[in-house]
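Structural overview for review
Here's the letter readout for the chains.
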Amino acid sequence: MARPRSVLITTACAALGALLLTSLPASAAPPGPAATPGPPTRPVREDGGPESAAARLPRALGAPDLTPAARPGTGYPRRTPLTVPPADPADRSLKLGLAPYHALAPRLNALQRLGDRVSVEVAGRSAGGHELYLVTVTAPESAGQAREQERMRERIENAPAAAAKDPRIKAAYKTPVFFNNNIHGNEWEGTDAALKLIEELATATDRKTAGLLARTRVYLNVTANPDGRIAGTRANADGFDLNRDFVTASQPEARAIRRIAIDKQPAVMLDLHGYVNGTLIEPTTPPHGENYEYDLFLKNAYANALGMEKAVNGLGYTPAKDGVEPAVIPFRDMPEGWDDWPPIFTPQYMPFQGAVAAHTVEFPMAVNNEEYDTLPVPELRRRSAVNVAVAGAAMRATLDYTDAHRASVLADQIETFRRGAAGEPQRPVSEKTVPGVPGIGPEDVYTTSFPRAYVIPAGRSQRSAVAAARLVDHLLANDVRVGRAADGSYVVDLRQPKRGIANVILADGRDISADVSTMYDISGWSLGLLWGATVRRVERGPVPAVVRQVHAAAPTGSVAPYGDLLLRLDDPEELAAVNALLARGVAVRRTESGAAVVPGAARKAARELAERYGVVFRATKERGSAPLARTRVVASASAGELFALREMGFAVVPVSAERLNGGFRWAAGDVLYVSRGLDWAALSPAARAALRSSGAGVVAVGAEGAAFNAAAGLLKVTPVAGNPDANGVVRVRAAGSPLTAGAPGHAFVYAPLWFMGLGAGVRTELAYAPLAPLVSGHWRAGADGRGGPADAAGRAAVVSGRAGYGAPVVLIGTEPLFRDHPKGSFALVGRALLSR
């Protein structure tokens, strides 16, 4: 059988080679400006915003759009004929001599025809509507063999103590390895290295490759960010950095990767990036994520890093000849500043789904941003070729490590799940617990004390019920087991295999300000505190009895059968519902407490929206004090803020100084939301006069918003900037006004700000807690001893008043819409926008 198959592969390889060469013209002329990514194809509400959280629940749970050939129960190969998109001559990959997105489908179609090792599935779609290609390379499996592999995978997760003793798993389970490529769109070369690796594995006739594929499944996300690949941008079509989205999972690309992690359960993974010279290969510096089984992880991650380092340095590139420095391993070579504390990055999320080695690998030669625009094409292509070779060397070394250490890698994955299921304490890392890893010190020891359980009351209040359902569905989407108690509360027993991600989501977090001087990104993120739900920690003792396991949160929407209807505006889903009513022309009125009164005549629409958004319309005799109107938001803001505003159903018009100076018609806008990118000094006298005469309100966020307020002379306050490197979860106190009614007791800060010297008519709406406002994160005072949390304690975090021309103004010193994350704070912004 081997001889005919090798002849077939050799013959097919020649044909494939011709196709691969023709699909990548090495002499292609540099393209023109980048094409704008196509519009998102996800459903859009009638009010112009993205679909509601309830409506997009199947995608929130990570279900990819699989072709019939890829459904569970089929064997391998699973051949999916991919639709070839139109050629795009403006694809930014072309200038680098790399594969444009439109060339991927024909190449993958050809690779699927090349023998019986390569399968392709569509794992989902990007924000811009492009297909995400998941490739599996493995030895052929019958349907029965594939089912057995799935049974063993489930046994490893769900019965780890038994799996550790299962001789069949030790002998026959294929180790899953995952390569994630191009998650930052303008860090291209991982995709091209993946294509080369797929071809090599598909065509190799040696015994080593045959043995590897008999013992391994290799999964490759060919490009995790096709929108950015085409446009040459770090972000996707929604403007999100996808490698910051794994706690929130706001973007479809992150949800697709999460689904791959859950379904395939990789034991080892790489995330291919650029550009750090020399090649940076994780594991990282402290602080290390406290929810990991870090002893098991460090053992494998460090050993695999050494193998990748040897392979990369073995390519023979030198600083003098090629400009390539030797590889760097942060754990060994850097004191701090490249940490794995927040699980927002792909490799930092993967250990919670079973990876015992996960790495960011940064190839060395920069070809994006300024280099892309200024370097000659031959130099760019030389650099890209180096990066492709480096990425390929890292991938092949990872496969070698995984295959050579298959038994211990699988044993460590099983042990990770076993500890969680048994409720055992973590093992602190040391040179004794992790032999073979030099230099482990007390600065590397980060552990946590897991509670016995968490309880999430379903709640009687409207906000807590909607927020609890949102949080529970998010836990389920991350493969956390949730039960329901007899009283309706949700119970998360921490004696479960994936206790780590459960604790990541629900725990308050930790103040690590004293541990390190600097952090790479955010340091606090607690969904338990920031998403609006009530979460109760059960340290020990009896856990509420679970009467059934939960597969989706219970419906929370309802409509009173009589009278006019009251809708609290304490949650983003309620804001979305009221904006949908306003978009339909329903006459909604605002109460003195900031809620909305909906006429009983709109009950049919209310029922539809209650089902869609999970909100509660209660009967009321209140008439309301003033009409609410559809608010058109003119915004100069981050992509995450724009996304969150649209999630709440606001019609949003992004603007810049240039657009406002170009005769912008304020009849198209009611409120100016400004957090970045808009300088009052850059506005022409005519643009300033137009804003004032429009009567538009202003909601200004952060330091740039405060600067805009000061320059425009809107509210008399003195903004005080905290340490610009600070971020985390803070305690806050609401004034209980219509603006902050129902606001949670916690908020998120990033470069925190507070306000002093409040002038006449300026009110404090939200204040930092008077003592120790920081709950979790990293917030130190500056070198001068100022700007720390003690200086912010008790100070105003949100203020409101009226500008001299009569328009309402709200200034916010926290980050209520940061990366679409702190859901509990969204309503504060929504109420401010509606109270124009």
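Computed from a predicted structure; not experimentally measured.

When helices and strands are counted, the protein chain shows 28 helices and 32 strands. By the compact-globule yardstick of 28 Å for 836 residues, the protein chain fits well, its C-alpha radius of gyration being 27 Å. Overall, the C-alpha framework of the protein chain stretches about 85 × 65 × 60 Å when taken along its three principal axes. With 836 residues in all, the protein chain has 61% of them scored as buried. Put simply, 79% of the contacts in the protein chain that link residues at least 6 apart link residues at least 24 apart. Here the protein chain displays about 30100 Å² of accessible surface, and carbon together with sulfur accounts for 55% of that area. For the protein chain, the separation between the mean place of its 93 positive charges and that of its 82 negative charges on side chains is 6 Å.

Once that is clear, we can look at the pairing of strand 4 (residues 216–221). With 6 of its 6 residues buried, strand 4 lies for the most part within the structure. Residues T216, V218 and L220 point to one face of strand 4 and R217, Y219 and N221 to the other, with burial holding for every one of them. One ladder, built from 4 bridges, connects strand 2 (residues 131–137) with strand 4; its direction is antiparallel. Paired with T136 across the strands is Y219, a residue of strand 4.

The strands making up a sheet associate through backbone hydrogen bonding, with each pair oriented either parallel or antiparallel. Read from one edge to the other, the open sheet built from 5 strands follows the order 13-10-12-11-14, with strand pairing classed as antiparallel. Pairing within the sheet leaves two strands with one partner each, and these edge strands are strand 13 (536–538) and strand 14 (546–549). Averaged over all adjacent pairs, the angle separating strand axes in this sheet is 30 degrees, with direction ignored. Taken together, the 4 bridges between strand 10 (residues 453–456) and strand 12 (residues 490–493) define a ladder with antiparallel strand orientation. Each bridged residue has a counterpart across the sheet, and for A453 the counterpart in strand 12 is D493. Strands in contact with helix 19 (residues 499–506) are strand 10, strand 12 and strand 13; relative to strand 10, the strand with the most contacts, it is inclined by about 50 degrees.

Turning next to the packing of aromatic side chains. Enumeration over the complete set of coordinates arrives at 20 aromatic pairs. Between F240 and F643, the ring centres sit 5.2 Å apart and the planes meet at 80 degrees, which makes this aromatic pair edge-to-face. Linking F240 in the loop between helix 9 (226–231) and helix 10 (252–264) with F643 in helix 23 (residues 639–647), this pair joins segments that are 403 residues apart in sequence. Given the relative accessible area of 8%, F643 is considered buried. Taking the centre distance of 6.4 Å and the plane angle of 90 degrees together, the rings of W754 and Y768 count as edge-to-face. With W754 in strand 28 (residues 753–756) and Y768 in strand 29 (residues 763–768), the pair connects residues that are 14 residues apart, well separated along the chain. Note on W754: relative accessible area 1%, which makes it buried. Among the aromatic residues, those joined into a cluster by ring pairs are Y292, Y294, F297 and F352. Above the ring of Y490, the side-chain terminus of R484 is found at 4.3 Å from the ring centroid.

So, on to the environment of R763. Considering the arrangement of structural elements, one finds R763 in strand 29. Residue R763 is classed as partly exposed on the basis of its relative accessible area, which comes to 47%. When the C-alpha atoms of R763 and G801 are compared, they prove to be 6.4 Å apart, with 38 residues separating the residues in sequence. Discounting chain neighbours no more than four positions away, the residues touching R763 are L758, V798, V799 and S800.

Further remarks concern the confidence of the model for the protein chain. Per-residue confidence for the protein chain gives a mean pLDDT of 91, with 91% of residues at or over 70. Low pLDDT, under 50, characterises residues 1–70; the stretch is placed with 135 contacts to residues that sit more than four places away or in other chains.

Strand order in this open sheet of 7 strands is 1-2-4-3-5-9-6, and the pairing throughout is mixed. Either end of the sheet is taken by a strand with one partner, and the two such strands are strand 1 (118–125) and strand 6 (280–281). Contacts from helix 8 (residues 207–215) reach strand 2, strand 3 (175–181) and strand 4, with the element oriented near 85 degrees to strand 4.

For the rest of this paragraph, the subject is helix 7 (residues 189–203). For an α-helix the count is 3.6 residues per turn, leaving residues at separations of three or four pointing the same way. The first and last C-alpha atoms of helix 7 sit 21 Å apart over 15 residues, in line with the 21 Å expected at 1.5 Å per residue. Counting buried positions along helix 7 gives 13 out of 15 residues, so the element sits mostly inside the fold.

The subject of this paragraph is the pattern of salt bridges. What the rule picks out here adds up to 49 salt bridges. Notably, a salt bridge pairs E141 with K174, separated by 2.8 Å at the nearest N-O pair. With E141 in the loop between strand 2 and helix 4 (143–158) and K174 in the loop between helix 6 (167–172) and strand 3, this residue pair connects regions lying 33 residues apart in the sequence. The residues E141 and K174 share a single accessibility class, namely buried. E379 is the salt-bridge partner of R382, the closest N and O atoms lying 3.0 Å from each other.

Moving on, we come to the side chain of E131. Assignment of secondary structure puts E131 in strand 2. Judged by its relative accessible area of 16%, E131 falls in the buried class. Leaving out residues up to four positions away in the same chain, E131 has contacts with T83, Y101, V122, G124, R125 and P226.

Moving on, we get to the pairing of strand 2. Among the 7 residues that make up strand 2, 7 are buried, leaving the element largely enclosed by the rest of the structure. Residues E131, Y133, V135 and V137 line one face of strand 2 and the alternating positions L132, L134 and T136 line the opposite face, and both faces are buried. By the bridge criterion, 7 bridges tie strand 1 to strand 2 in an arrangement that is antiparallel. Looking at the pairing, V118 lines up with V137 of strand 2. Here strand 1 folds back onto strand 2 in antiparallel fashion, the turn holding 5 residues, of which G129 has a positive phi close to 90 degrees.

Another point: the nonpolar core. One broad trend across soluble globular proteins is that nonpolar side chains are buried collectively. Among the nonpolar cores identified, the biggest contains 137 residues, and L108 and V492 are the most heavily contacted of them. Here this core gets 11 residues from one element, more than from any other, and that element is helix 16 (residues 377–404). Those residues in contact with V492 that sit more than four places away from it in its chain are A453, Y454, I456, L475, V480, R481, V482, A502 and L506. Counting 62 residues, the second largest nonpolar core, distinct from the first, contains V466, A605, A637 and F650.

Moving on, we come to the side chain of T209. Topologically, T209 is positioned in helix 8. Once residues within four sequence positions are removed from consideration, T209 is found in contact with R117, L201 and A204.

So, on to the environment of R481. Position of R481 among the secondary structure elements: in the loop between helix 18 (462–477) and strand 11 (483–485). A relative accessible area of 36% means that R481 is categorised as partly exposed. The spatial distance from the C-alpha of R481 to the C-alpha of Q496 is 7.3 Å, given a sequence separation of 15 residues. Excluding residues that lie within four positions of it along the chain, R481 makes contacts with N158, V491, V492, Q496, P497 and Q549.

This paragraph deals with unusual backbone geometry. Excluding glycine, residues mostly have negative phi values, and the peptide bonds linking residues are mostly trans. Omega for the peptide link from G274 to Y275 comes to 5 degrees, which places this bond in the cis form. Along the chain, the position of Y275 falls in the loop between strand 5 (268–274) and strand 6. The residue after N277, namely G278, is reached through a cis peptide bond having omega 5 degrees. One can find G278 in the loop between strand 5 and strand 6. Of note, the phi angle at A249 is positive, near 55 degrees, even though the residue is not glycine.

Conventions and cut-offs
Residues numbered from 1 in each chain as written. Predicted model: local features only at pLDDT ≥ 70, side-chain atom pairs only at ≥ 80, totals over all residues. Heavy atoms only, no water. Helix = DSSP H or I, 4+ residues; strand = E, 2+ residues; numbered from the N terminus. Rg over C-alpha atoms; globule rule 2.2 N^0.38 Å. Buried < 20%, exposed > 50% of the residue type's maximum accessible area, 1.4 Å probe, protein only. Contact = heavy atoms within 4.5 Å. Areas by Shrake-Rupley, 256 points an atom, 1.4 Å probe, with all protein chains shown as cover. Lys, Arg positive; Asp, Glu negative; His and termini not counted. Charge placed at Lys NZ, Arg CZ, Asp CG, Glu CD. Pairing = 2+ DSSP bridges. Axes fitted to C-alpha atoms, helices over the stretch in contact; angles between N-to-C directions. Phe/Tyr/Trp six-rings, centres within 6.5 Å; stacked < 30°, edge-to-face > 60°. Lys NZ or Arg CZ within 6 Å of the ring centre and 35° of its normal. pLDDT = per-residue confidence, 0-100. Expected span 1.5 Å × (residues − 1). Salt bridge = Lys/Arg side-chain N within 4 Å of Asp/Glu carboxyl O. Core = buried A, V, L, I, M, F, W, Y, C linked by side-chain atoms within 4.5 Å.

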